[in-house]
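Examination of the molecular architecture
Here is how the chains run, residue by residue.
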Amino acid sequence: MVTQPPAGVPAESGAWGTIHKIIKFALHPRKPLARNLDVKTTFPASAVLLFLTVLCGLQAAAPAQPASGNWSVAVGGGALMGPAFPGSSDYQIMIVPSIRVRYGDKFAASVERGITYNFVNTAEFVAGPLLRVDFGREADGKSLFRIAGKRSTALTGFADVSTTLQAGAFVGHRLGRWNSRLELMQGVNGHEAFTSVLSVDYSITAFQPGGPPPPFVLTTGPRLHWGAAKYHNAYFGVDAQAARGSGLRQYEAGSGLTSAGWSGMLVRPLNRRWSLLFLAGYERLLSPASDSPLVREKGSQHQFRSGAFLSYTL
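Since the structure is predicted, the reported quantities are computational estimates derived from the model, not experimental observations.

A separate point is the pairing of strand S2 (residues 91-103). As paired strands, strand S1 (residues 71-83) and S2 are joined by 13 bridges and run antiparallel to one another. Directly across from Gly76, in S2, lies its bridge partner Ser98. Of the strand pairs in this sheet, S2 and strand S7 (residues 146-148) are connected by 2 bridges, and their pairing is antiparallel. Bridged to Ile93 within S7 is Ala148. With 4 bridges joining them, S2 and strand S3 (residues 107-110) adopt antiparallel strand pairing. Bridge pairing in S3 places Val101 opposite Ala109. Between S2 and S3, which follow one another and run antiparallel, lie 3 residues, and Gly104 among them has a positive phi close to 60°.

In structure tokens:
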């Protein structure tokens, strides 16, 4: 676990201090986030999990940042539509925040991509350690950020999935307009499961006809998720207690591909500080996730997501 800031970053830096508190919150999910971040609200796991899932490629779509030794912070928010939980057929619209922090071309942190440090960063390859928070799932269906869509009752009888800190590594390859990335993560607590994500993106930069820069940046490509048995049983398994409370048959999942899908993101910089971001994606749950009675009888293996965000670089 990372407990010290990256080389060259002041130990008492406000940005690093906030990130450190977020890691502490991940390890103690039952404590209010306000106690750690000095704010007056708490963040429900289901809302942030959905935010993490659909925006995982948002930074890859943003224009590249020049290498420097300075902090770069982007803040914003927007509206997001997606399933109430992984495998759900109930959809919700939520208003969610976005915060991204960078330190030169080495260090990056965000809610959607976690914390990364580029030990290798060449014209073709990037690699390094990765920390990310899986915010779990709340069985009661509550969502502080929901503004539309009904509260799902499909998880009645099921247990919550605890917030999990995931530690691992990533490697990426750049070839022209193509970018591929492989992430390998192990749950330190919570579901304690191994997961991986493979993504391939193709980027297109287009300038507005007759107009000056900034350009439109479109990034799109496939996604493939793999999960160990522990992961699938946490989200899609039906144990004896859940079977009694839900009326579903018991189901024990194995390891395998969790889902395959496609996502696209359009970034429209308005000027040097303001940007509009639009995203859409489709994900199909695969066996063993799609074989779960929770998905077959109370949910859907077809998962759609879309959203629009406004971002401001400080």
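On the surface, Phe119, Val120, Phe125, Val171, Leu182, Leu184, Phe194, Leu198, Leu224, Trp226 and Leu257 cluster together into a nonpolar patch covering about 890 Å² of accessible area. Counting only elements with at least two residues in the nonpolar patch, the list comes to strand S9 (178-187), strand S10 (194-206) and strand S11 (216-227). Note on placement: Phe119 falls in the loop between strand S4 (114-117) and strand S5 (120-121). A residue is classified by how much of its surface remains accessible, and Phe119, at 59% relative accessible area, is exposed.

Another aspect to go through is the packing of aromatic side chains. Inspection of every chain in the model, using the stated rule, returns 9 aromatic pairs. With centroids separated by 6.1 Å and ring planes inclined at 65°, the aromatic side chains of Phe194 and Trp226 adopt a geometry described as edge-to-face. One end of the pair, Phe194, is in strand S10; the other, Trp226, is in strand S11, with 32 residues separating them in the sequence. Classification of Trp226 by relative accessible area gives partly exposed; the value is 31%. With 6.5 Å between their ring centres and 50° between their planes, Tyr235 and Phe236 make a pair best called tilted. Exposure remark for Tyr235: the relative accessible area of 2% places this residue in the buried category.

The rules we used
Residues numbered from 1 in each chain as written. Predicted model: local features only at pLDDT ≥ 70, side-chain atom pairs only at ≥ 80, totals over all residues. Heavy atoms only, no water. Pairing = 2+ DSSP bridges. Helix = DSSP H or I, 4+ residues; strand = E, 2+ residues; numbered from the N terminus. Patch = residues over 30% accessible without salt bridge, like charges linked within 9 Å, V, L, I, M, F, W, Y side chains within 5 Å. Areas by Shrake-Rupley, 256 points an atom, 1.4 Å probe, with all protein chains shown as cover. Salt bridge = Lys/Arg side-chain N within 4 Å of Asp/Glu carboxyl O. Buried < 20%, exposed > 50% of the residue type's maximum accessible area, 1.4 Å probe, protein only. Phe/Tyr/Trp six-rings, centres within 6.5 Å; stacked < 30°, edge-to-face > 60°.

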